[in-house]
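Given next are the chains, with one letter for each unit.
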Amino acid sequence: MEPFEIEKRFQLFYELLKPAYDLSYWIYDLSGNVIETNNQNRPLEAIFRGSGAMSIIQEYCLNNRLPILLTAPFGPLWCAAFEYKESELFRIHVLGPAFHTNVSLQALRKMASQHDIPLSWRSNFLNLLSTLPTISINAMNKLAVMLHKSLTGEDISVTDVTAQTFKTEEQPVNDVVEKDRSQTYMVEQAILSAIREGNPDYAKALARAQSISDGVPVQSDNPLDQSKISIIVFISLCVRAAIEGGLTPDKAYSIGDSYIQQVNSCENFSHMANLSSEMYNEFIRLVHEKNKRPDISQTIQSCCDYIQMHVEGDLSLDTIAERGGYTGYYLSRKFKSEMGISINDYINRQRIERAKLLLISTSDDLQEISDRLHFGTRSYFTLTFKKLTGISPSDYRKQNQK
């Protein structure tokens, strides 16, 4: 690409990035001199150079074209991608810094002492560090992929991003700020419920969980080890949820053990994230298949699957029938004959199951949940919920959020 086109693409990338993540950028020449930046705070650049990150990047880019993610134990996180001119390395683009976990004021003070910040600057420096965003390592990997795309036009995946941990002379105090544990618990229950039910429509709950929880706050001075422990705990929870969903303990534990072994041998964050996603998908699929009734025809099973995956969408009889190439009359009779209930009753049951999940995993009020699940009115939603569960939605939420 021409330099002017690259500049336009980078500026577009940064403008799109800015509302979501308040990250700074630096553009360096191959000698490590700053050519351009949107942040004139010299202490931030001092952290970058003082940590040895620039030296690591300069050595790395001699033999690699793909982006790199740099982390310090409980310290700042950076990513770098490379711009080429006529196939020759031209400039280095750096995004950062951000923290990959919430840190306390005590940890920030420890960090400031490591970088020989004069006492007269110490207060301003601490204020500066406290304004840095917290971005998960998975999210930073995705930003590195997008940065690479804007500079080269090449499509790569997060597994192509190299991650490297560098150690400072002293490690900051591992003093993580506590998050709202009740909210984290609610979301974890939502993603585990999807396994227990074998529900293929789990993407929203999983995305919400990743945005709220960064995993288990383990006592480790290595972010890679921290992620491994967090994912292994997640695998263990999924194994138990799959057993509750109908898988035999032998099968569930065997699958879980296999993924734990693979995670233990991982050497980068991207590979671990992919394994975690693959594991979750596999348990969802296996429980879903286990729960299929052998006496149900493929036509009706497909209909049930569609309803489960689109329980928050338009599920009129005509919509479902047209998708399968049937008339509404034929599908309605066949469904009731095989399932023992009408298709509308089945839809209501699935929507109430989703409502139960929303009641314990979100703070949405009853009207919002009713609208989301197409019940029409809050009173009809409450009536249907109580008819199928024997309890009102409000009481269900109170009992299950204690």
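Residues numbered from 1 in each chain as written. Predicted model: local features only at pLDDT ≥ 70, side-chain atom pairs only at ≥ 80, totals over all residues. Heavy atoms only, no water.

### Some thoughts on the packing of helix H12 (residues 298–309) against helix H14 (residues 328–339)
Here is the rule: Comment: axis = line fitted to C-alpha atoms, over the contacting stretch for helices; angle = value between 0 and 180 degrees taken between N-to-C directions. Counting from the N terminus, the helices are the DSSP runs of H or I reaching at least four residues and the strands are the DSSP runs of E reaching at least two. Geometric relationships in this document are graded by angle, where less than 35 degrees denotes roughly parallel, more than 145 denotes roughly antiparallel, 65 to 115 denotes roughly perpendicular, and other angles denote oblique. By definition in these notes, contact holds between two residues if any of their heavy atoms fall within 4.5 Å. Throughout this entry, Asp, Glu, Lys and Arg are counted as charged residues, while Ala, Val, Leu, Ile, Met, Phe, Trp, Tyr, Cys and Pro are counted as nonpolar. The remaining residues, Gly among them, count as polar.
Close contact between H12 and H14 brings their axes to 10 Å; oriented N to C, the two are set at 95 degrees. What the angle tells us is that H12 and H14 run roughly perpendicular. From H12, Thr 299, Ile 300, Cys 303 and Cys 304 reach across to H14, where they touch Leu 331, Lys 334, Phe 335, Glu 338 and Met 339. Split by residue class, the contact of H12 with H14 holds six nonpolar, one polar and two charged.

### Quick notes on the packing of helix H13 (residues 317–324) against H14
Their axes nearest at 9 Å, the elements H13 and H14 cross at an angle of 95 degrees. By the angle class used here, H13 and H14 are roughly perpendicular. Touching Leu 317, Ile 320 and Ala 321 of H13 are Gly 328, Leu 331 and Ser 332, all from H14. Class assignment of the residues belonging to the contact of H13 with H14 gives a composition of four nonpolar, two polar and no charged.

### Observations concerning the sheet that holds strand E4 (residues 76–85)
We count it as follows: Paired strands, as defined in this entry, are two strands with at least two bridges between them according to DSSP.
Pairing in this open sheet of six strands is mixed, and the strands run E2-E1-E5-E4-E3-E6 from one edge to the other. Each end of this open sheet is capped by a strand with a single partner; those strands are strand E2 (34–37) and strand E6 (162–165). For this sheet, the mean angle separating the axes of adjacent strands, direction not counted, is 25 degrees. One ladder, built from nine bridges, connects E4 with strand E5 (residues 88–99); its direction is antiparallel. Residue pairing across strands places Glu 83 opposite Arg 91, the latter belonging to E5. Its contacts with the sheet put helix H3 (residues 53–60) on strand E1 (24–28), strand E3 (68–71), E4, E5 and E6, and the angle it makes with E3 is roughly 155 degrees. Strand contacts of helix H6 (residues 137–152): E3, E4 and E5, with the helix running at about 15 degrees to E4, the strand carrying the most contacts.

### What about the packing of aromatic side chains?
Stated precisely, the cut-off is as follows: Pairs were defined over the aromatic rings of Phe, Tyr and Trp, the Trp ring being its six-membered one, requiring ring centres within 6.5 Å. Orientation was assigned from the angle between planes: stacked under 30 degrees, edge-to-face over 60, tilted for the rest. In this scheme, a residue with accessible area under 20% of its type's maximum is buried, one over 50% is exposed, and one in between is partly exposed, where area comes from a 1.4 Å probe on protein chains only. Charge-over-ring contacts are defined here by two conditions on Lys NZ or Arg CZ: a distance within 6 Å of the ring centre and an angle within 35 degrees of the ring normal.
Across all of its chains, the model carries twelve aromatic pairs by this definition. Judged by centre distance (5.4 Å) and plane angle (65 degrees), the rings of Phe 335 and Tyr 346 are edge-to-face. Separated by eleven residues along the polypeptide, Phe 335 in helix H14 and Tyr 346 in helix H15 (residues 343–361) bring together distant segments of the chain. When its relative accessible area of 8% is taken as the criterion, Tyr 346 is described as buried. The lysine or arginine in question, Arg 65, covers the ring of Tyr 84, its NZ or CZ lying 4.0 Å from the ring centre.

### Quick notes on a nonpolar patch on the surface
Using the following cut-off: Patch rule: a residue counts if its relative accessible area is over 30% and it has no salt bridge; like charges are joined within 9 Å, and nonpolar side chains (Val, Leu, Ile, Met, Phe, Trp, Tyr) within 5 Å. Using the Shrake-Rupley algorithm and a 1.4 Å probe, accessible areas are obtained, with residue cover drawn only from the displayed protein chains. Every case where a carboxyl oxygen of Asp or Glu lies within 4 Å of a side-chain nitrogen of Lys or Arg is listed as a salt bridge.
Judged by side-chain polarity, Ile 229, Val 233 and Leu 237 come together as a nonpolar surface patch covering roughly 200 Å² of accessible area. One can find Leu 237 in helix H9 (residues 223–244).

### Side note on the environment of Ala 53
Relative to the elements of secondary structure, Ala 53 occurs in helix H3. The class of Ala 53 is buried, set by a relative accessible area of 0%. A C-alpha to C-alpha distance of 7.1 Å links Ala 53 and Leu 70, two positions 17 residues apart in sequence.

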